Amino acid sequence: MSRPHRRLYRCLVTLLALGFAPLALAAGQEWKDPQGNAFKAEANEVLGPLGLFQTSRTGSRLLPWRALSPADCVRFDETARRLPARAADWAQGKSRLSLELKGRVSRVEGEQLVPALFAGRPEPQFLIVFYANNSVGKSWDMLGHAVEPFNQLKQAFPGQSEGLFFGMWHKFDEHRDMALQMKLPWLVADFAEENHLTSVVQFAPLSDKESFSLVVLNRDGVPIFSASNPDNAAIDKVFADLTGLLELMRPGNPRGWADRAHYLRAVQPVAYAAGQADPVLVGNPLVPEGLRKNKVSRVDATLTVAADGSVTAVALKPEANVSAKMSAALVDALKQACVFVPAVDHGKFVDGTYHYVLEVP
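Since we're looking at a predicted model, the values are computed, not measured.

## Section: the nonpolar core
Alright, step 1. Judged by nonpolar contacts, the single largest core of 38 residues is most densely connected at F126, I128, F130, L143, F165 and F239.
Alright, step 2. Only β3 (50-54), β7 (126-132), α4 (137-156), α5 (172-182), β10 (213-218), β11 (223-228) and α7 (232-249) provide two or more residues apiece to this core.
Alright, step 3. Tallying contributions element by element places α7 first for this core, with 8 residues.
Alright, step 4. If you look at the next biggest cluster of nonpolar residues, it comprises 23 residues, including M168, W169, V200 and L206.

This is the structure:
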């Protein structure tokens, strides 16, 4: 291990042993869980139908929006707005992890490490950090076993997650060789820059040189899932938990619609207390696969959305090759199954219209 890294690790181990948090968490506000139990936490991020709360430096919890009162949804929203919006281009990402990683990570290309490029890809929602030591065989096993579920996750949810290899208690050449020999498909922390990855290093298991771990962070550096010294089953569980979360967050998943609507019904009137907002489509019942099977290539309709969120009228634009029977079915689906948060005018829900367009690839 290089001298700067040795000093860094000894310092962090001492501080952690004394209970010092490199990124200390404020006392937090008081909230209530679905059972009515009070807990203190800091509102962090809106994750689709769930709210992410940071309960401590190393802890968090997820709650569905319907577990919170409308007033608490508004309170959460007011705090969570401090987190920069997720960037469409990672090079423009302003969240905590993105700022720390830029210029400090590499990728394996052939037989060498090259600087990682962030441009042209969306900012990841989650970072899966692999804390490993070249001299600990089981940490090699962790990296090897994680490759397949990592690739499956990336394929199922493109652009939603990224990985990071963070080396501990070894030298530069051991760090490089570990990444190259394993042909890691995720980012590799630049050895000389690891001490600058503040949000990542604080979760490193530095108290024991034989320890290794796996931690999933959101883009603000809040830990969501983790496993210490994980065997294959524990690794699989972390990936299964993250897969389940991403599936629930998927906008097309009906399981999340009621919670998304509950949250937006609470925050929209407050956000537009002095303005106006069109209806928000939370749940879209039409899926491209079903439309494609019925030879529907485009759906273009104007929907009238009442102040209670119900769809009271659907004006469907005629499309060639779409039968009257199919058109009627489309109108019925849009009228009966869409989930809307109604339009807002100066803090009050009002009737509104929504232009619905779906192109079927």
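## Some words on the sheet that holds strand β1 (residues 29-32)
Alright, step 1. In space, the 4 strands of this open sheet follow the order β1-β2-β3-β4, with antiparallel pairing throughout. The two strands at the open ends of the sheet, each matched to only one other strand, are β1 and β4 (60-64). Each adjacent strand pair in this sheet contributes to an overall mean axis angle of 55°, direction not counted.
Alright, step 2. Two elements, β3 and β4, share 5 bridges in a ladder whose sense is antiparallel.

## Structural notes on the packing of aromatic side chains
Alright, step 1. The tally for this structure, following the rule as stated, stands at 12 aromatic pairs.
Alright, step 2. Measuring from centroid to centroid gives 5.0 Å for F53 and F76, while their planes differ by 75°, and the two rings are edge-to-face. Within this pair, whereas F53 is found in strand β3, its partner F76 is found in helix α2 (residues 70-80), the two being separated by 23 residues in sequence.
Alright, step 3. Judged by its relative accessible area of 0%, F53 falls in the buried class.
Alright, step 4. Assessed through its relative accessible area of 0%, F76 is described here as buried.

## Looking at α5
Alright, step 1. Residues of α5 that are buried include every one of H175, M178, A179 and L180, and no others.
Alright, step 2. As for α5, its buried residues are in contact with β5 (105-109), β6 (112-115), β7, α4, β8 (161-167) and β9 (187-189).
Alright, step 3. Looking one or two residues beyond α5, the residue adopting positive phi is K183, at roughly 50°.

## Considering the environment of K317
Alright, step 1. Note on placement: K317 falls in the loop between β15 (311-316) and α10 (324-337).
Alright, step 2. In this structure the C-alpha to C-alpha distance between K317 and A301, which are 16 residues apart in sequence, comes to 5.6 Å.

## Some details on the packing of α4 against α7
Any two packed helices are characterised by how steeply their axes cross, that is the angle between the axes, and by the distance between the axes.
Alright, step 1. The N-to-C vectors of α4 and α7 enclose an angle of 20°; their axes lie 10 Å apart at closest approach. When the axis of α4 is compared with that of α7, the two are roughly parallel. For the crossing formed where α4 meets α7, the hand is right-handed. Touching M142, H145, A146, P149, F150 and L153 of α4 are N232, I235, D236, F239, L242, T243 and L246, all from α7.
Alright, step 2. Classifying every residue of the contact of α4 with α7 gives 9 nonpolar, 3 polar and 1 charged.

## Digging into the environment of T79
Alright, step 1. Relative to the helices and strands, T79 resides in helix α2.
Alright, step 2. T79 sits in the buried class, given a relative accessible area of 17%.
Alright, step 3. With 272 residues separating them in the primary sequence, T79 and D351 have C-alpha atoms 29 Å apart.
Alright, step 4. Discounting chain neighbours no more than four positions away, the residues touching T79 are Q29, E42 and A43.

## Considering unusual backbone geometry
Alright, step 1. For N321, which is not a glycine, the phi torsion comes out positive at approximately 70°.
Alright, step 2. Among the structural elements, N321 can be located in the loop between β15 and α10.
Alright, step 3. At H346, a position not held by glycine, the phi torsion is positive, near 50°.
Alright, step 4. Examined against the element boundaries, H346 turns out to sit in the loop between β17 (343-345) and β18 (348-350).

## Some points on the pattern of salt bridges
Alright, step 1. Counted according to the given criterion, the structure contains 18 salt bridges.
Alright, step 2. Put simply, E162 and R121 hold a salt bridge, and the shortest N to O gap is 2.6 Å. Of the two residues, E162 is situated in strand β8 and R121 in the loop between β6 and β7; the sequence distance between them amounts to 41 residues. Here the two residues E162 and R121 agree in accessibility, since each one is buried.
Alright, step 3. Where salt bridges share partners, they join R107, R121, K154 and E162 into one cluster.

The rules behind these values
Residues numbered from 1 in each chain as written. Predicted model: local features only at pLDDT ≥ 70, side-chain atom pairs only at ≥ 80, totals over all residues. Heavy atoms only, no water. Core = buried A, V, L, I, M, F, W, Y, C linked by side-chain atoms within 4.5 Å. Buried < 20%, exposed > 50% of the residue type's maximum accessible area, 1.4 Å probe, protein only. Helix = DSSP H or I, 4+ residues; strand = E, 2+ residues; numbered from the N terminus. Pairing = 2+ DSSP bridges. Axes fitted to C-alpha atoms, helices over the stretch in contact; angles between N-to-C directions. Phe/Tyr/Trp six-rings, centres within 6.5 Å; stacked < 30°, edge-to-face > 60°. Contact = heavy atoms within 4.5 Å. Parallel < 35°, antiparallel > 145°, perpendicular 65-115°, else oblique. Left-handed = near helix turned anticlockwise from the far one by under 90°. Nonpolar A, V, L, I, M, F, W, Y, C, P; charged D, E, K, R; others polar. Salt bridge = Lys/Arg side-chain N within 4 Å of Asp/Glu carboxyl O.

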